[in-house]
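# Notes for the structure review
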Amino acid sequence: CSSDLNKPPARHRDLHRDPMPTATVAQACTSTYVSQPDATAGVDMYISSGNPTTTHETDATLRIGEDNTAVDYYRRGLVRFDLSGIPSNATICSATLSLFVSSSSGATNDRIVRVYRMKAAWSEQTGTWNIASTGVNWQIAGASGASDRESADIGSLLVPANAAGGSEQKWVLD
């Protein structure tokens, strides 16, 4: 996931400089921002350890997970959202990522699917398992390095092996 949700800074008091407690009124969330790009406007692809030099930006399906019929065969989805419509001073109260199951064929066990905020720039047209873009390698293949993505996930979800085609899967993001 390549969305930087610009979390508000953590609120804290310096007890040495401000000994008097103060009341803070939480800002109410009054608007909702929805980003649901179509196939033309959307920026997404998947990368595959089974095909480490192949781009998958034109595939209609964003394939993720582990292939149960092969050893060390992983697919990771990368999605970028245009958040320029959100004011820079906005407070993000919550964020949800919804994806729909196209097919769970070949899945023989439930999976925990994690969402990470990307740190490295990547190209939908040229990115692969090995490279983020033409001439730029991932720090670790598969976008697994500390310079590629944040180390802690911002959301995770148990996706059952028998998830029905067309079913919506929702990740509540930190």
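Let us look at the structure shown here. (Residues numbered from 1 in each chain as written. Predicted model: local features only at pLDDT ≥ 70, side-chain atom pairs only at ≥ 80, totals over all residues. Heavy atoms only, no water.)

## Some details on the overall build of the protein chain
The secondary structure content of the protein chain amounts to zero helices and nine strands. Each helix and strand of the protein chain, ordered N terminal to C terminal, gives the series β-β-β-β-β-β-β-β-β. The proportion of buried residues among the 174 residues of the protein chain is 27%. A fraction of 69% describes how many contacts in the protein chain between residues 6 or more apart in sequence connect residues 24 or more apart. (Helix = DSSP H or I, 4+ residues; strand = E, 2+ residues; numbered from the N terminus. Buried < 20%, exposed > 50% of the residue type's maximum accessible area, 1.4 Å probe, protein only. Contact = heavy atoms within 4.5 Å.)

## Here's the deal with the packing of aromatic side chains
Throughout the structure, instances matching the rule amount to zero aromatic pairs. One cation-aromatic arrangement involves Arg80 over Trp122; the distance from NZ or CZ to the ring centre is 4.1 Å. Taking NZ or CZ as reference, Arg149 lies 3.8 Å from the ring centre of Tyr116, over its face. (Phe/Tyr/Trp six-rings, centres within 6.5 Å; stacked < 30°, edge-to-face > 60°. Lys NZ or Arg CZ within 6 Å of the ring centre and 35° of its normal.)

## Re the sheet that holds strand E1 (residues 43-48)
What the three strands build is an open sheet, ordered E1-E3-E2; its pairing is antiparallel. Looking along the sheet, the strands with just one partner apiece sit at the ends: E1 and strand E2 (65-66). Of the strand pairs in this sheet, E2 and strand E3 (residues 74-80) are connected by two bridges, and their pairing is antiparallel. Considered in E3, the bridge of Glu66 is made with Tyr74. (Pairing = 2+ DSSP bridges.)

## What about the nonpolar core?
Val79, Phe81, Ala95, Leu97, Val101, Val113, Val115, Ile154, Val159, Ala163, Trp171 and Leu173 form the largest nonpolar core, which has twelve residues in total. Put simply, the parts of the chain that give this core at least two residues each are strand E4 (95-100), strand E5 (111-115) and strand E9 (168-173). Leaving out residues up to four positions away in the same chain, Val113 has contacts with Ile64, Gly155, Ser156, Leu157, Val159 and Trp171. (Core = buried A, V, L, I, M, F, W, Y, C linked by side-chain atoms within 4.5 Å.)

## A word on the pattern of salt bridges
Counted according to the given criterion, the structure contains three salt bridges. Residues Glu66 and Arg111 are paired through a salt bridge, measuring 3.2 Å at the closest nitrogen-oxygen approach. With Glu66 in strand E2 and Arg111 in strand E5, this residue pair connects regions lying 45 residues apart in the sequence. A relative accessible area of 35% places Glu66 in the partly exposed class. (Salt bridge = Lys/Arg side-chain N within 4 Å of Asp/Glu carboxyl O.)

## A short note on the environment of Ser49
Relative to the helices and strands, Ser49 resides in the loop between E1 and E2. The class of Ser49 is buried, set by a relative accessible area of 17%. Distance in space between the C-alpha atoms of Ser49 and Gly142 is 7.0 Å, their sequence separation being 93 residues. Contacts of Ser49, omitting those with residues within four sequence positions, involve Asp72, Tyr73, Tyr74 and Trp129.

## Focus on unusual backbone geometry
Of note, Asp72 is a non-glycine position whose phi angle comes to about 55°, a positive value. Looking at the secondary structure, you find Asp72 in the loop between E2 and E3. Positive phi outside glycine occurs at Ala143, with the angle close to 60°. Looking at the secondary structure, you find Ala143 in the loop between strand E7 (136-137) and strand E8 (155-159).

Note that every value here comes from positions in space, so none of it alone points to a role or purpose.
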